[in-house]
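The residues making up each chain are set out below.
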Amino acid sequence: MEEGASGTVTSLASMFPADEAQKAARRVQDTIAEKHRELGRVRGFIADNAGLVNLVQKLPEELHHDVMVPFGKAAFFPGRLIHTNEFMVLLGEGYYAERTSKQTVEILRRRGKALETHVDSLKSMIEDLKTEALFFDRTASEAAEGLVEITEELSGEESDEGASELGQKTGAPSISVEDNGKVLNEDEEYDRLMSKLDELEKEELAAEAADNIEEETNEVDPDVVSDQSSFDHNLKDMEGSHSCIPPTHSEGQASNEEFLRRKQQQPALLQKFNPDDLTIASSHKDKTPLGKDPSQNLKDPNVADKSLKLPASEENDHAGSSNNEVSIQPSKPKVDSLRAFTGSIIERSPNLPINPGEPSATSSQVPGSQSSKPLSRFRMQRK
Amino acid sequence: MGTSSALRDLQRDLENKANDLSKLQKDIAKNHQVRKKYTIQLGENELVLKELDLLNEDANVYKLIGPVLVKQDLAEANANVRKRIEYISAELKRLDATLQDLEEKQNSKRDMILKLQQRIQSLQAGKAKA
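Model, not experiment: these values are computed from the prediction.

### Considering the overall build of chain B
Thinking step 1. Scanning chain B from N- to C-terminus turns up two helices and two strands.
Thinking step 2. Along chain B, helices (α) and strands (β) appear in the sequence α-β-β-α when read from the amino end.
Thinking step 3. In chain B, which comprises 130 residues, the proportion classed as buried is 34%.
Thinking step 4. Contacts spanning at least 24 positions in sequence make up 79% of the contacts within chain B whose residues lie at least 6 apart.
Thinking step 5. Of the roughly 8,300 Å² of accessible surface on chain B, a fraction of 54% belongs to carbon and sulfur atoms.

Set out below in structure tokens:
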């Protein structure tokens with residue numbers, strides 16, 4: 001693969017279980033149906049309004065009309081409509097105004113216009129929802145097919161254009177096989193990587209000084225850290241200064257974002273987790289069923305833990321270890337908390353836990369196996 | 001033994017917090033509903049105001065009070081609608097503030113719950129090792 005690049009391979013299914021994605025898609029479909037009903041109702045109003053305009057225009061053509069006057073629910077008796085040019089128009093909120101036919105028609109036309117703008121907004125809403133539904137469907141089918149996501153990160157000295165280049169390269173092979181991870185294990189890469197790692201180390205140490213305090217605590221004691229907080233500050237990082245983030249994080253994200261921005265349309269590829277979406281999403285988070293949270297959170301501590309072990313995992317890879325349980329950025333939790341919401345398009349975060357075969361819920365067993373792995377040199381130095 | 005009782009305590013705590021969280025979520029949902037209602041009313045009032053502005057000075061305006069139409073001064077009606085819009089806007093602002101407050105509370109509760117879960121998990125892991 002790319003020089004100096006390290007990466008993770010994740011099956012989509014472990015991140016977005018197919019049935020979950022389908023559930024989300026169904027919910028979006030429901031919303032679409034609801035909007036369609038509303039659209040139909042509003043269209044009915046428009047038709048009524050047009051009919052009324054017609055009638056109001058015609059009434060003053062005669063001095064009087066012979067009509068059947070409704071009396072109670074079932075009875076009618078013949079009557080005569082006079083004063084055909086005087087209307088009492090309900091303006092809303094209990095206010096009525098006396099108007100002539102012409103003035104009434106004007107009011108009605110204005111109302112028709114309001115209704116039409118409403119229809120337009122409903123239509124665009126439905127369009128949005130449809131794209132969303134399409135996305136969920138695609139995610140579901142991709143997850144079912146066993147697609148994997150490959151995440152690579154750049155080392156610090158590589159430039160931005162390098163990032164996009166790398167992103168493209170990374171994304172191209174979206175192969176659904178586990179041994180993708182083994183590509184990283186190639187021996188000839190080892191030396192290059194080690195030198196890269198040394199540089200990375202220096203840079204990260206420097207960057208850490210500028211980094212915020214939560215980041216610090218996060219890395220020092222990953223077990224205690226709440227992943228929500230790591231999620232939050234990760235968010236902050238994404239929104240705010242990229243420069244403050246240790247190169248491992250920022251570059252990795254940059255490469256992903258860049259690549260995803262380009263490739264978003266293509267079905268086999270992954271979409272970036274956009275901070276804007278996040279903020280939209282967070283307002284919808286409360287709609288996530290409470291029952292869902294605990295099960296999701298079960299695995300989170302490990303994720304936060306794992307996410308900080310990147311360098312260790314690199315070493316593992318080189319040692320030929322079969323362990324692929326790595327995720328690069330601690331941004332995974334946000335995906336968890338957002339997975340079920342329907343308010344806006346969920347996009348995938350770049351980092352994913354790696355083992356395709358392993359169902360996400362069982363990853364709670366990991367700490368034991370993980371903790372025996374050699375500590376990252378980054379972390380050792382920090383302690 | 002001590003860890004298991006601590007574990008139970010933590011779990012009870014967690015349950016309480018989860019209940020609080022769901023209560024908060026209910027409040028937020030209620031807030032959303034009320035806000036929706038007010039937004040619709042605001043839209044209607046604005047429509048009325050627009051129409052009233054378009055009326056002539058000498059137009060007859062009536063207000064439906066119960067079963068009767070009561071004649072109203074146009075200026076008076078205008079002022080009333082304006083006041084009503086003001087009130088609704090203020091109410092909406094208030095609702096926004098409460099909503100923000102609630103969401104903050106919800107987030108902090110969620111944080112607490114996550115921390116608790118992690119503590120429980122680490123305790124359990126420790127027990128499993130021992």
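Once you've had a look at it, read on.
### Quick word on the side chain of Asn31 of chain B
Residue and element names in this part refer to chain B.
Thinking step 1. Its place among the elements puts Asn31 in helix α1 (residues 2-54).
Thinking step 2. The buried category is assigned to Asn31, whose relative accessible area is 6%.
Thinking step 3. Not counting the four nearest positions on each side in its chain, Asn31 is found in contact with Leu95, Thr98, Leu99 and Leu102.

### Side note on the pairing of strand β1 (residues 61-65) of chain B
Thinking step 1. Sheet topology note: the strand β5 (residues 95-99) of chain A/β1 of chain B ladder contains three bridges and is antiparallel. Each bridged residue has a counterpart across the sheet, and for Tyr95 of chain A the counterpart in β1 of chain B is Lys63 of chain B.
Thinking step 2. Here five bridges tie β1 of chain B to strand β2 (residues 68-72) of chain B, and the two strands are oriented antiparallel to one another. Within the sheet, the bridge partner assigned to Val61 of chain B lies in β2 of chain B and is Gln72 of chain B.
Thinking step 3. Where β1 of chain B hands over to β2 of chain B, the hairpin turn is made up of two residues, of which Gly66 of chain B adopts a positive phi near 60 degrees.

### Describing the confidence of the model for chain A
Residue and element names in this part refer to chain A.
Thinking step 1. Averaged over every residue, the pLDDT of chain A is 64; residues scoring 70 or more account for 43%.
Thinking step 2. In the model of chain A, helix α15 (residues 366-371) stands out as the element of lowest mean pLDDT, 40, in contrast to helix α2 (residues 18-58), which has the highest, 93.
Thinking step 3. Here residues 161-184 is modelled with pLDDT under 50, and outside its nearest four sequence neighbours on either side it reaches 46 contacts, counting other chains as well.
Thinking step 4. A low-confidence stretch, residues 212-255 (pLDDT under 50), is modelled with 103 contacts involving residues beyond four sequence positions or located in other chains.

### What about the pattern of salt bridges?
Residue and element names in this part refer to chain B.
Thinking step 1. Counted by the stated rule, this structure contains eleven salt bridges over all chains.
Thinking step 2. In this structure, Lys17 and Asp13 form a salt bridge, with 3.3 Å as the shortest nitrogen-oxygen distance. Pair noted here: Lys17 and Asp13 are both in helix α1, with a separation of four residues, about one helical turn.
Thinking step 3. One salt bridge connects Asp96 with Arg35, and the closest N-O pair in it is separated by 2.2 Å. Here Arg35 lies in helix α1 and Asp96 lies in helix α2 (residues 74-129), a separation of 61 residues in the sequence.

### What to know about helix α3 (residues 101-145) of chain A
Thinking step 1. The end-to-end C-alpha distance of α3 of chain A, which contains 45 residues, comes to 65 Å, matching closely the 66 Å that a straight helix rising 1.5 Å per residue would cover.
Thinking step 2. Looking one or two residues past α3 of chain A, Gly146 of chain A carries a phi angle of roughly 80 degrees, positive in sign.

### What about the nonpolar core?
Thinking step 1. Among the nonpolar cores identified, the biggest contains 26 residues, and Leu91 and Tyr95 of chain A together with Val48, Leu52, Leu55, Val61 and Val81 of chain B are the most heavily contacted of them.
Thinking step 2. Those elements that provide at least two residues to this core are α2, β4 (87-92), β5 and α3 of chain A together with α1 and α2 of chain B.
Thinking step 3. Of the residues forming this core, the biggest block, seven residues, is contributed by α2 of chain B.
Thinking step 4. Ignoring sequence-local partners within four residues, the contact set of Leu52 of chain B consists of Leu91 of chain A together with Val61, Leu74, Ala77, Asn78 and Val81 of chain B.
Thinking step 5. Listed in part, the 14 residues of the second largest apolar core include Leu115, Leu122, Ala133 and Phe136 of chain A.

### Comments concerning the environment of Lys127 of chain B
Thinking step 1. With respect to the helices and strands, the residue Lys127 of chain B is situated in helix α2.
Thinking step 2. Through-space distance from the C-alpha of Lys127 of chain B to that of Ser4 of chain B is 8.3 Å; in sequence the pair is 123 residues apart.

### Some points on a nonpolar patch on the surface
Thinking step 1. The grouping of Met88 of chain A together with Leu64 and Leu69 of chain B at the surface amounts to a nonpolar patch, some 230 Å² of accessible area in total.
Thinking step 2. Looking at the secondary structure, you find Leu69 of chain B in strand β2.
Thinking step 3. The partly exposed category is assigned to Leu69 of chain B, whose relative accessible area is 37%.

### Side note on the packing of aromatic side chains
Thinking step 1. This structure, assessed with the given rule, holds two aromatic pairs over all chains.
Thinking step 2. The ring centre of Tyr95 of chain A lies 4.5 Å from the NZ or CZ of Lys63 of chain B, which sits over that ring.

### Observations concerning unusual backbone geometry
All names here are of chain A.
Thinking step 1. Within the chain, His83 stands out as a residue other than glycine whose phi angle is a positive 50 degrees.
Thinking step 2. Relative to the assigned elements, His83 resides in the loop between β3 (75-81) and β4.
Thinking step 3. Of note in the backbone geometry, Glu93 takes a positive phi value of approximately 55 degrees without being a glycine.
Thinking step 4. Secondary-structure assignment places Glu93 in the loop between β4 and β5.
Thinking step 5. The partly exposed category is assigned to Glu93, whose relative accessible area is 21%.

The rules we used
Residues numbered from 1 in each chain as written. Chains lettered and ligands numbered in written order. Predicted model: local features only at pLDDT ≥ 70, side-chain atom pairs only at ≥ 80, totals over all residues. Heavy atoms only, no water. Helix = DSSP H or I, 4+ residues; strand = E, 2+ residues; numbered from the N terminus. Buried < 20%, exposed > 50% of the residue type's maximum accessible area, 1.4 Å probe, protein only. Contact = heavy atoms within 4.5 Å. Areas by Shrake-Rupley, 256 points an atom, 1.4 Å probe, with all protein chains shown as cover. Pairing = 2+ DSSP bridges. pLDDT = per-residue confidence, 0-100. Salt bridge = Lys/Arg side-chain N within 4 Å of Asp/Glu carboxyl O. Expected span 1.5 Å × (residues − 1). Core = buried A, V, L, I, M, F, W, Y, C linked by side-chain atoms within 4.5 Å. Patch = residues over 30% accessible without salt bridge, like charges linked within 9 Å, V, L, I, M, F, W, Y side chains within 5 Å. Phe/Tyr/Trp six-rings, centres within 6.5 Å; stacked < 30°, edge-to-face > 60°. Lys NZ or Arg CZ within 6 Å of the ring centre and 35° of its normal.

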